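So you can see what is in the structure, the chains are spelled out below.
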Amino acid sequence: MSNATQLIHSIPTDPLTGAVSVPIYQTSTFVQEAPGVNRGYDYARSGNPTRSALEELVARLENGSTGLAFASGLAAIDAVIKLLKTGDEIIAVDDIYGGAFRLFNNVYEQFGITVRYVDTTRPELVAAAITPKTKIIWLESPTNPTLKISDIQAIAKIAKQHNCLLCVDNTFATPVFQQPLDLGADIVVHSATKYLGGHSDLIAGIVVAKDSETGARLKYFQNACGNILGPFDSWLVIRGIETLHLRVRQHARSAQQVAEFLQTHPAVDQVFYPGLSTHPNHTVARKQSRGFGGIVSFTLKNDTEAAAIAFVTHTRLFKLAESLGGIKSLVSHPANMTHKSIPAEKRRSAGVKDSLIRLSIGLEETEDLVADLSDTFQRITQTNTIQQVTV
Ligand SMILES: *Cc1c(COP(=O)(O)O)cnc(C)c1O
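Here's what I pulled together on the structure shown here.

What counts, and where the lines are drawn
- Residues numbered from 1 in each chain as written.
- Predicted model: local features only at pLDDT ≥ 70, side-chain atom pairs only at ≥ 80, totals over all residues.
- Heavy atoms only, no water.
- Buried < 20%, exposed > 50% of the residue type's maximum accessible area, 1.4 Å probe, protein only.
- Helix = DSSP H or I, 4+ residues; strand = E, 2+ residues; numbered from the N terminus.
- Pairing = 2+ DSSP bridges.
- Contact = heavy atoms within 4.5 Å.
- Phe/Tyr/Trp six-rings, centres within 6.5 Å; stacked < 30°, edge-to-face > 60°.
- Axes fitted to C-alpha atoms, helices over the stretch in contact; angles between N-to-C directions.
- Left-handed = near helix turned anticlockwise from the far one by under 90°.
- Nonpolar A, V, L, I, M, F, W, Y, C, P; charged D, E, K, R; others polar.
- Near = heavy atom within 4 Å.
- Polar contact = N/O pair within 3.5 Å; in protein donor to acceptor, adjacent residues only side chain to side chain.
- Areas by Shrake-Rupley, 256 points an atom, 1.4 Å probe, with all protein chains shown as cover.
- Core = buried A, V, L, I, M, F, W, Y, C linked by side-chain atoms within 4.5 Å.
- Domains from an automatic or database assignment.
- Salt bridge = Lys/Arg side-chain N within 4 Å of Asp/Glu carboxyl O.

Focus: the pairing of strand β6 (residues 187–191)
Next up, step 1: With five of its five residues buried, β6 lies for the most part within the structure.
Next up, step 2: With three bridges joining them, strand β5 (residues 165–169) and β6 adopt parallel strand pairing. Its bridge partner being in β6, aspartate 169 is matched across the sheet by valine 189.
Next up, step 3: Pairing between β6 and strand β7 (residues 205–209): five bridges, direction antiparallel. Among the inter-strand pairings, valine 188 is bridged to a residue of β7, identified as valine 208.

This is the structure we're talking about:
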């Protein structure tokens, strides 16, 4: 049976009424027959049946023992870092999500946890950076916004040799295309705000642990710290996941065509998409994932902020906004948006050039998206004032 079929039939129907959709248990507490005698739930921070349905679903999707749902992707990451203690070190991918960078550097460094950023596309650099204090290796693959790919299997082997945990932020790939736990990782996190939710209508985070011991520690933190996902948002994520396979395959199909179009356009300098054979990590991407995702980034021959701003303000279907993974296509200018807080030199050396533009490919017809991009290039060269900066 295919993964999509299994997924759809693993979402339980309600045993009480036969409802096909998972009920939303909007309650804070549960009546007990005697003190401590209950039907599996006593207080909704510790457990809620709607959230449990989501948690079991994501555990199955990622082939882990334990799934946990949090109030945001960052709350999920925060729970994983709580596995560490003062003096421990993190080795993290250098092109890391900005919010994770802020959490590691501005929050956890206060508690004596240090972070080293490494180009994880080269596993030998990860091995060289490990010290006896390293307790966790943190990957994103593909990364944001330059779509770098790291070899999860090779890095999992290094992590095992040094007794470290490997955690992979699987937000961009989704479990439809990549299952890091099967490649040797110990923990997977998601910003469910993106593809799992899929409709740009909620903020949520997921953690899935491979072994139940780590899972139990994370579950303990979830209850002790209280960053849980509420029942209605849990239901929305379940509803999103019901169409995940369909959506993600279409996002990727269009992304491939958009990337190929951009590659041939005379105003474009570099295109970043792991599905292109010219992508430096294309072979690794093919080896470890079944698809290349719905995000495409590119730079302009005219590598200026002004040219990029002209572009992102002249698209029609692509809406200028933060975030990604929803049904509507979005465009963003990382240098001025997600990566604004990173000093210009540091940002540029991480590959985020001034003209870098990121596209989140939505579910519109592929040809309409290509036409919108093609028209945008024409529109900005026709505008006199812009002409000076784009030619
Ligand atoms: C958005 C995002 C996050 C943070 O998730 P929130 O739901 O916004 O807290 C973490 N990792 C990646 C890769 C993301 O894109």
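Now that the structure is up, let's keep going.
Quick word on the environment of valine 176
Next up, step 1: With respect to the secondary-structure elements, valine 176 resides in helix α7 (residues 174–177).
Next up, step 2: In this structure the C-alpha to C-alpha distance between valine 176 and aspartate 151, which are 25 residues apart in sequence, comes to 18 Å.
Next up, step 3: Residue contacts for valine 176: discarding those within four places in its chain leaves Leu244, His245, Val248 and Arg290.

Points about the packing of aromatic side chains
Given two aromatic rings, their pairing is described by the distance between the two centres and the angle made by the two planes.
Next up, step 1: In total, this model carries 10 aromatic pairs according to the counting rule given.
Next up, step 2: Pairwise contacts between aromatic rings join Phe298, Phe311 and Phe377 into one cluster.

Some remarks on the packing of helix α10 (residues 244–264) against helix α14 (residues 366–382)
Next up, step 1: Interhelical geometry of α10 versus α14 gives an angle of 30° and a closest axis separation of 9 Å. Considering the relative orientation of α10 and α14, their crossing is right-handed. Two secondary-structure elements touch here, α10 through Gln250, Ser254, Gln257, Val258, Phe261 and Leu262 and α14 through Thr366, Leu369, Val370, Leu373, Ser374 and Phe377.
Next up, step 2: A per-class count over the contact of α10 with α14 returns seven nonpolar, five polar and no charged.

Quick look at the site of the ligand
Next up, step 1: What surrounds the ligand is the set Ser72, Gly73, Leu74, Tyr97, Asp169, Thr171, Phe172, Ser191, Thr193, Lys194 and Ala204.
Next up, step 2: In the model, an oxygen atom of the ligand is placed 2.9 Å from a nitrogen or oxygen of the serine 191 side chain.
Next up, step 3: Across the complex, the protein chains shield 92% of the 380 Å² of accessible surface that the ligand would expose by itself.
Next up, step 4: Its residues assigned to classes, the shell around the ligand shows four nonpolar, five polar and two charged.

Digging into the side chain of aspartate 354
Next up, step 1: Mapping aspartate 354 onto the fold places it in the loop between α13 (344–349) and β12 (357–360).
Next up, step 2: Judged by its relative accessible area of 14%, aspartate 354 is buried.
Next up, step 3: Filtering out sequence-adjacent residues up to four positions away, aspartate 354 remains in contact with Asp303, Thr304, Glu305, Ala308, His333, Ala335, Arg347 and Arg348.

So, the nonpolar core
Next up, step 1: Leu166, Leu262, Phe298 and Leu359 are the most contacted members of the largest nonpolar core, which has 83 residues in total.
Next up, step 2: Taken domain by domain, this core gets at least three of its residues from each of domain 1 (3–242) and domain 2 (245–382).
Next up, step 3: Once residues within four sequence positions are removed from consideration, leucine 262 is found in contact with Val268, Val271, Val296, Phe298, Leu359 and Phe377.
Next up, step 4: Ala79, Leu84, Val189 and Val207 belong to the second largest nonpolar core, which has 29 residues in total.

Overview of the sheet that holds strand β11 (residues 330–332)
Next up, step 1: Taken in spatial order, the five strands of this open sheet run β8-β9-β12-β11-β10, and their pairing is mixed. Two strands close off the open sheet at either side, each with one partner strand: β8 (268–272) and β10 (319–320).

Comments concerning the pattern of salt bridges
Next up, step 1: Counting across every chain of the model gives 14 salt bridges.
Next up, step 2: Residues lysine 82 and aspartate 78 are paired through a salt bridge, measuring 2.4 Å at the closest nitrogen-oxygen approach.
Next up, step 3: The exposure class of aspartate 78 is buried, given its relative accessible area of 12%.
Next up, step 4: The salt bridge involving arginine 122 is made with glutamate 124; its shortest N-O contact spans 3.0 Å.
Next up, step 5: Accessibility expressed as a relative area gives 47% for glutamate 124, which makes it partly exposed.

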